Every structure is written in C-alpha cells, then in structure tokens.
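Residue strings, one per chain:
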Amino acid sequence: MLGPLSVRAADGTAVPVPGERCRAVLAVLLWHANRPVPVSVLTEAVWHGAPPDSAASNLQTYVSRLRRLLPAVSLTHAYGAYRLTVPDDELDLSVYAARVEAGRAALAAGDAAAAAAGLRAALGLWRDRPLVDVDVPLLEPDADALEDDRLAVVEDCMEAELAGGRHADLVGELQALVGKHPLRERLRGQLLRALAASGRTAEALEAYARARDELADALGTEPGPQLRELHTRILRGEIVAAPAPRPTLTPASVCQLPAQVPDFTGRRDELAALTALLSAATDTVPVAVVTGTPGGGKTALAVRAAHSVRAHYPDGQLFTHLAGGSGRPRDPADILAELLRALGVAGPSLPDGLAERAAAYRSLLAGRRVLVVLDDATDAAQVRPLLPGTPGSAVLVTGRRQLPGLSGHAHPVRLGPLGAAEARAMLAAAVGADRLAAEPEATDRILAACGRLPLALRVAGARLADRPDWAVETLADRLDDEQRRLDELAVDDVEVRASLSLSYAGLAAPVRRGLRLLALLDPVTVADWSIAALLGGADPTAEHGEASEADTDRVVGALLAANLLDPVGRDRAGQPRYRLHDLLRTYGRERARTEDPVEARRAAIRRLFHRAATLTVLADEGVPRQEPVPRLPDDPPAPTATGPLVHRIRRDPRAFLDAERANLIAAAIHVAGQGRTGQAAWFAGHLHPQLWLDGRTEDLIRLHTAIRDAAGATGDEPARLRTEYLLGRVLTRRGEHDAALRAVTRCEHEAERLGLTHLFACCLATRGHLLRSTATDADDSLGYARRAVELFAELGDRAAATAAQRELALALNRAGRSDEAFAVLEQAVAGARELADPALQALVLNGYGVWSMGAGRYAQAREAGLECLAALRRLDDRVGGLQAQCQIGLADLALGHHDEAVRRFASARADALAYGDAEIAAFGTVVVATSWIADGRPDESVPVLERCVRTFRELSQPRRVAQGLRVLAAAYDALDRAADAERARAEAAGLDGYDGTGAPRTLSTRLLLRLAAGNTTD
C-alpha cells in the first residue's frame, strides 16, 4: 500500500492482481482492512460516480476473483458491506502505524534511541506515494493526509536522532529535507540545532538568514516565534558543540535473574508492554504485575522481560520467590533480609524487624537503578514493603491472584492461553515442526486438550520428545480421555495437576464448591444467574432455588481474583460473562467426583435447567412469531420468574435469548439425553421462535434432531412428534420441500391418532403451504388450510387461526378464486389488527401483496411489500424480510423497474446465503443471471442458470425447476443453441404444463422471460 499496490504470498513470491477495477476494489478494502466497506463506497471507488447497470454483479465478480487470488485471507459480506480481514502484521499500513505509535511513545518517554530506531523502521516501509499505480480518486484525500503525516514522522525521527546526540551525522540529511520542503519551519529549526551543536555556528546563522529570506519571498512573513527564539539562543552561544562522551565506570552489580526458558514462545504484546513500561524514563517507581491462569507462563514471561531490560538497570537485578501459591507465603521481613544480603548488607549489620529492614532496603536503592523481580506474590500486603521508595528502580511482580491493593501503583498484565499459532510453535520447539506437520489433526487435538496453556504444552512436548517411537496421535488419544488427561500431563516433577491444586487449595470452601459446580458444565460462557442457580440455596440437593446475589458475587469475585475464572466481556443483554479454562474444568470435574455426591451434582444441573426454562419462557413471551408452535396437553404452566433480571429480560427479551443461545440449546439437548424428553421438547418449543427469526437453521436442526432421537429412544411419542414437526418447518425454510412434506405428513397422521389436536392443526396448515408451493394443482392445498383454520378456531388460538387464514387465502388465489381469497384476507387483516400482533400483521400484509400481484395490482403489491418489510425490520425479523424483498422485487419487475428489481434480488440473494435459505438464494441468482441475457452476456448466464436448476432439483422444487429451464432456454436462444433451448422447454412443459402457446401460467415466469428479453411490458 505504501507505494505501488503489491501482494506477496507467505513465501515472498509476488501475487499478481490483474485488472484495473479489481485492483481498485482490493485497494479500498485494504485501506479499510478489518472494517466493513459498504457496497456503495466500492461502487463509487471503482466507477467514479458513474456505475453501469451491471455494477452490482460486476462487483461480485471482482470479489470472487479476489477470493480466488487470495485464499489465505477472509473476504466476507454482510448487511450490504464487504470486510477484508488481514492480520495487522501482514499489511504495511498497519505495521507503519504501529511502528510510528511505538516510536512516538518512546520519544515521549525520553528513550531517544528506541524512538529513532522505531521511526526509521516505519519510514523504511515507504516505497512511493500510497497506491501510486491505482486510480482511486476516492482514496486521494486519505493518501494526501498520510503523506502529510509521513513528513511529521520524519520530523519526529530527526528530533529523536538529535536527542540521541547525532547532530553532525544529520546535517546533510536535514539540508536535503529543507531543500525539498522549504516551508517546514520545524525542519529548518532542526537543521539550525544540528549545525550549532556540531560547532558550525556561522553556518547555522547563515541557514537562518536564508530561511528568513525564503519565507519572506514565498509567504511575505517573518519566521515563526520558535525559529526566531532558536536564532537568538545561537547568537547568545547557548547552543554549543556537545563534548565527546566519555566512558563511565560502574561498580559491579548483582544479577540474580534465572536463566531464560530456551523455547520461550509468543506473548509478543505482553512482552512489549512490559519492556516499554520498565524501560521508560519516569519520575515514579514502575510496578508491573503479571497474573493469569495457573500454568500460564507468568514466571517465564517475567524472566524474559527482565533480561530484555537489564541494560536499563546497571546497578543490579534482584530476583526472589515469594511462595504465594504454596499455602505458606513467605514473610516480607524474611524476603527483605534476603534482598539486603544480596545488596551487600552483612549479617551483623542486618536490621531487626520489618519496618527497619524496609527502611534500610529503600535507602540502599535510593539513587540506584535496580530491577526487582518478585515471583509468585500472594497479595499486596506481602509486596508493599518490597517496593523501592525513589525513582530509578522498578519492580516486576508475578502472582496467581490479582493484586487490587496495588492498583494505585501497578500496571497489570494478565495472561490467558497462548494464541493458536503460538501454541503450535511452542510444541514444535520441543517436538520438531516436521513431526507435527506429519500429523496435523492429532496436533490440533493435543493443543485443544492442553487448552493452549504453556505449562501443559511444555509437559506434552517433553513426553513426545522422550518417546520418539510414539506417533503424535498416541498422546492425542491419551489426552482425549478427560478422566486421564491430568495423569498424562505430568513428566518428572512437573505436573499440571499440582499447579492447579495449589490455586484450588488457597480458596475458601464455598468458592471451591463454586469451581466444582461450574466445572460440571461444558466449555461455555456463563452469566451470574447461571452461577447462582448452580450454587443453589441452603439445601444442596434441592432442584429449585438459587444463591443470593451477595453469595454469588463473593464466589465469582474470589474466582476472578484467583485467576481461576476468566471474564469474557458483556453480552448483548448487558450481562458480564465468564468461562473456566478447559484444564481447570477438567480439574474441577475431577474434584467434584471426589468431593460432591452424585445427587448433589445432578441437583445443581436440574436447578440450572429450571432457572433457564423459567427465564426462557419469560423471554419467549416477548418474541414476535408469525406461525404457531405446537402445544401439547401435558405442557406445564408457565413458571413464575422473579428478580432484577426479569425486568431486563422484559425490556429486551431477544437480547437475553441471543446471549444465552448456545447454553440454552445445550441445556435442552442435555435434558433430553437424561431421558426427560417431554421437558426438553417443551423447552425447545420456546427456543424455536427466536432461532427461527434469526435464521439459525443449523441450530434448529441440531436442537430438534437431538430431542426427536432421544424421544424416539424412550418411546415419548408426543415429544417426538412435536420436534419432528418443527424439523419439518425448518426443512421448509431451507427449501427442502419433499423432505419437509414427508415429515409433516407423518406427524399429521400420528398427531390425529393420538388426539394431539393443536399439533394436528399445525401439520394441516404446513402441509397446505407445502402443497401450494410445490404442486401444480393448487386445489390439493385448499382442504388442509381450511381444516386448519377451523381447528385453531375451535381451540381458541386466534393468532394461529389468523395465520392459517392467510395460507387459505393464498391457496384460493393460486386456484384462481381471487374474490374468495380477498374476502379471507380481509378477515385475516381484521384478526391481526384486533390481536395487535405486529408479526401477524406483517404476515398478512405479505399475503395481501401476493394476492395483489395475482390481481394485476402491481403498485399496490409493491406498497404492501414495502410496508411488510418495514414491519419485519422493526421486529428484527431478518429472515422473514427475505420473502418481503422478493415480493417487492417481483412487483418492480412487473412495473418494468428492472434495474431496481435486480438490485433487490441481488441483496436478497446475499442475505439468503447468510441465513441458509437455499431456495431464495437460488431464485435471486436466477433473476440476476436473467438480467445478463438482456445485457448481451448470455454466455455468462448459462452456467449460473444451469447451477440454479440443479439446486432446485435437489430441493424438489418442480415449479422453480421449470422457471429456471425456461430462462435457460432464452439464454440458449441468444447463443443460437436451438437444440439445447428446445430440450429445456420440453422438460419445463412436463413440469408446469405450459406448451408454449399463450402466456406462461405463472406470473413470475412471465416476468423472468420479459426481463431476459429486455422488455418492460408484455
């Protein structure tokens, strides 16, 4: 980016990016790397405000080409924008910004050498003007601003070099810079200082005179006050040549630092933060505190950082172990005695008592530069007496627990697991990269089992290194067994279990119990309410109840302070969330099996499920739904929810359900696996509406399939049928109509036999919908829809009856009974308004739009579609909005607004792909490809249309297959492939009954053929 646009592979070879517009798209995405770039911005960048009609599809082509050229990077699309994800260290713009930031920070901190090196490294990345070979006027202002910033960086670099005493070396470079940028007074001032400090005072005064004359000629002004003041100081002789530095002698200093870990890997950001803090010039005593999960490599990092800053502490580096995790932390007075002896205080001179030793220690360090490393501190009280009292020295502390008592002094650095690449590199250092590369899947399993924790990885690496006869898979298999995992992660006197046990033993009994109960869960994040339910009340075997807010806070706070529970931020509902590290979870389960009775463990999980069900039912009441979820006679009454969380859920129920989605699905599946399939199916029914609205079809399939299979195994027919029906609904959304019809038909017959009337009515309504969508004879669907309306009305479910009326109206409309359809729609509209249900109103509006299209009232259909889409967006029903977009798009086609229609379908296609709606994605693709025929690009449309026809066949959509074939025939005609066109039309006639005389039966087919011909009217 900092010069001609250049892309290189991991091995350094150039990756050519052909095509001026494709390069423009890449340039804009890289300039805004890791941020969404709206399609409108890309369109403006590529076509400079004059895009062709085919801009949207052309842009998709360029993006597809970039994805092929750059398979290692992520180029995604969401909500009308593209995002190119590039690691910061792989983009010169990002590397430049980071180096500049670090260099300027070092300059501000007084470290001239580090500042100069960092800023020189940043400037060395520039090859020319940014994107000099790419024509993107949209980026010109940004490139100009970056060039201006580069000049400021050059000035900062000169400032750092001058502060480092390189006056004479810089004169030539500064003269060249002044010649190129004569109006930059800061550069002129730096040149004057370099000349004067080099003993060239006369030349400095001449340079000032030239500056005054040139500024007067160019701007008609005098030099600024800073340059004038500098001139005065030179005249007074205040800036003189600096004396040559003389070597200084320092007394021998103590260095107690342990040797560095030879295979130290990763922690680049943490190491940089520590070295920057410990090497900065400051008028206080820097104190860095490194904490984190047991086995996280705190001591190794501290030792590494201490060695890297040794030169900044010429008077010594002290290291002492405080034994904070041993259960018997050392007395600060004893530690001070050890430190004083290291600093030369003989035995008889050693003061008695903590206060006297601390005073002597501070006196010895006054005026000296000593680094003190305090390893494994227990708390702030142990550390405070060990802090130097005067600037110059610094302290680096490690500890298993956080040290909030030092918050006024300390800079915390918290260690989590290593990154994936770092963990792999650490294991490779012990085992050999080739050995791991030969078994990548087994390697990934070891990394996962070790939780990317340095201690565990070190042990695993040592075991593999000791056993060269083992395959990597051998250790992976052993670690897969969770009950054996900690036994396997031990070598000689190094054990992961022992490290975890030290932290566990330091907890109070209620906190240890909290850790054990949290470990019973799968590796998920949890909120406070889940922890409260696990803890329960006074009776640990009760299946209901929860701990008080105060008790829960105490347990959570203690686990956080001990770095045994990781905070992972706030969720969409505003709840703080936490997770256990995987190895801590393994250890906690091991302790639970030993310390907690089976019934107490089961009761904790049941308490959690009961609370989850209570809150889910409450939240589900606020989720809009457009279709009924089956009810069963044995469904429990809605539980009563209490507490502050209830009010938050009522304010934003969908935020709560979204935040807890993974946990709630896991809870339902777990309960089903325990044989309580009726509860699980009832619970899943309350999860279904939110997942349906969010388009989470994979989650729905996993949830309902697991419960259906469990119910089948236990013989729970009602639960099995309810989940089988809901699975059928999901298959309908995915466009798998044949499979959906089979599932719903099975449920219909069984539900009627078992007297499950509400479920039976749901099946009838859905079967009617499927028959209307797939059958060539619409009369088949009428009876099912009509019977569903009657049954829902008899059951008193007015919302379901209204939704079924909409289905009945569409079936009547499909059968050509338009007046009857309109009358039923009028009833549905009245019902939806009376119920004041916005989701239901949107559904009925959609039906009204479909009816209007059939009646030839296209403008009216478009207005209904827009109103429906607006309502669905207010409800955040993104998936339902797909149908509305398609309806609007068809209306635009009918009105002759082809360009607008194609854009609408292209947008719907992108959203459908994101939400897993294969039918709408394929139909949107058909519309876009059809437009290419009229644009003179039938050769491009043919392979796309052929692929869509295959998709419709896989989805068992004969009407869609016929539509695709007819458009495909039009494309073949445009290419003079008469035989192919005839075959396509013949097959289509067998599916839709249209023999080619008159107009095609379906309006959408007529509109597609009109689009292919480029006609705005029939």
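Keep in mind it's a predicted model, so treat the numbers as computed, not measured.

Let's shift gears to unusual backbone geometry. Phi angles above zero are rare outside glycine, and R267 is one such case at about 60°. A residue is classified by how much of its surface remains accessible, and R267, at 3% relative accessible area, is buried. The phi angle at A836 is positive, at roughly 55°, despite the residue not being glycine. Its location among the elements puts A836 in the loop between α38 (818-835) and α39 (838-854). You can call A836 exposed: its relative accessible area is 56%.

All told, the structure shown has 71 salt bridges when counted by the stated rule. In this structure, the salt-bridge partner of R104 is D156, at a minimum N-O distance of 2.6 Å. Of this pair, R104 sits in helix α4 (residues 92-108) while D156 is found in helix α6 (residues 140-163), placing the two residues 52 residues apart along the sequence. One salt bridge connects R722 with D635, and the closest N-O pair in it is separated by 2.7 Å. Taken together, the residues span a long stretch of sequence, with R722 in helix α33 (residues 717-733) and D635 in the loop between α27 (598-620) and α28 (644-651) at a distance of 87 residues. Owing to a relative accessible area of 3%, R722 belongs among the buried residues under this scheme. We classify D635 as partly exposed; its relative accessible area is 23%. The structure contains a network of salt bridges with shared partners spanning R104, D149, E155, D156, E159, R184, R186 and R193.

With the rule as written, the count across this model stands at 9 aromatic pairs. Seen in terms of ring centroids, Y848 and W851 are 6.1 Å apart; in terms of plane orientation they differ by 20°. Their pairing is stacked. With Y848 and W851 both in helix α39 and 3 residues apart, the pair spans about one turn of that helix. Both rings, one in F905 and one in F923, keep their centres 5.6 Å apart while their planes meet at 80°; by these two values the pair is edge-to-face. With F905 in helix α42 (residues 898-915) and F923 in helix α43 (residues 918-934), the pair connects residues that are 18 residues apart, well separated along the chain. Comparing F905 with F923, the two get one shared label, buried. Taken together, F822, Y848 and W851 form an aromatic cluster joined through their ring pairs. Positioned above the aromatic ring of F609 is the side chain of R676, whose terminal nitrogen or guanidinium carbon lies 5.8 Å from the ring centre. For the cation-ring pair, R960 lies above F923, with the distance from its terminal atom to the ring centre recorded as 4.1 Å.

Okay, the side chain of R577 next. Summarising the element assignment, R577 is placed in strand β13 (residues 576-579). The class of R577 is buried, set by a relative accessible area of 6%. Side chain to side chain, R577 and D571 meet in a polar contact 2.7 Å long. For R577, the contacting residues outside a window of four places in its chain are T525, V526, A527, D566, P567, V568, G569, D571, A659, E660 and N663.

Along the chain, R904 turns up in helix α42. No salt bridge forms around the buried R904; measuring N to O, its nearest opposite-charge neighbour E900 is 4.6 Å away. Once residues within four sequence positions are removed from consideration, R904 is found in contact with R862, L866, L869, Q885, I888 and G889.

Time to look at the sheet that holds strand β1 (residues 37-38). Pairing is antiparallel across the open sheet formed by 3 strands, whose spatial order is β1-β3-β2. Edge positions in the sheet fall to β1 and β2 (74-78), since each has one partner strand and no second. Bridge count between β2 and strand β3 (residues 81-85): 5 bridges; the pairing is antiparallel. Bridging from a neighbouring strand, T76 pairs with R83 of β3.

Within this numbering scheme, the UniProt entry marks residues 91-235 as carrying the feature "domain: Bacterial transcriptional activator" (unreviewed entry). Summarising residues 91-235: 76% helix, 0% strand, and an end-to-end C-alpha distance of 48 Å.

For the rest of this paragraph, the subject is helix α31 (residues 677-693). For α31, which comprises 17 residues, the first-to-last C-alpha distance of 24 Å matches the rise-based estimate of 24 Å (1.5 Å per residue) to within 8%. Most pronounced at L687, the bend in α31 amounts to some 35°, and the proline P689 follows within four residues. Most of α31 is tucked away: 15 of the 17 residues are buried. G695 lies just past α31 and shows a positive phi near 70°.

Here the focus is the sheet that holds strand β4 (residues 254-255). Here we have 6 strands laid out as an open sheet, ordered β4-β6-β7-β8-β5-β9, and parallel in their pairing. Pairing within the sheet leaves two strands with one partner each, and these edge strands are β4 and β9 (410-415). Relative to strand β8 (residues 394-399), strand β7 (residues 371-377) is paired through 5 bridges, and the arrangement is parallel. Residue pairing across strands places V372 opposite V395, the latter belonging to β8. Each of β4 and β6 (316-321) touches helix α13 (residues 332-342); the most contacted strand, β6, lies at about 150° to it.

Cut-off values and rules
- Residues numbered from 1 in each chain as written.
- Predicted model: local features only at pLDDT ≥ 70, side-chain atom pairs only at ≥ 80, totals over all residues.
- Heavy atoms only, no water.
- Buried < 20%, exposed > 50% of the residue type's maximum accessible area, 1.4 Å probe, protein only.
- Helix = DSSP H or I, 4+ residues; strand = E, 2+ residues; numbered from the N terminus.
- Salt bridge = Lys/Arg side-chain N within 4 Å of Asp/Glu carboxyl O.
- Phe/Tyr/Trp six-rings, centres within 6.5 Å; stacked < 30°, edge-to-face > 60°.
- Lys NZ or Arg CZ within 6 Å of the ring centre and 35° of its normal.
- Polar contact = N/O pair within 3.5 Å; in protein donor to acceptor, adjacent residues only side chain to side chain.
- Contact = heavy atoms within 4.5 Å.
- Lys, Arg positive; Asp, Glu negative; His and termini not counted.
- Pairing = 2+ DSSP bridges.
- UniProt positions renumbered as here; feature names shortened; annotations may be inferred.
- Expected span 1.5 Å × (residues − 1).
- Bend = angle between axes of the 7 residues up to and from the residue.
- Axes fitted to C-alpha atoms, helices over the stretch in contact; angles between N-to-C directions.

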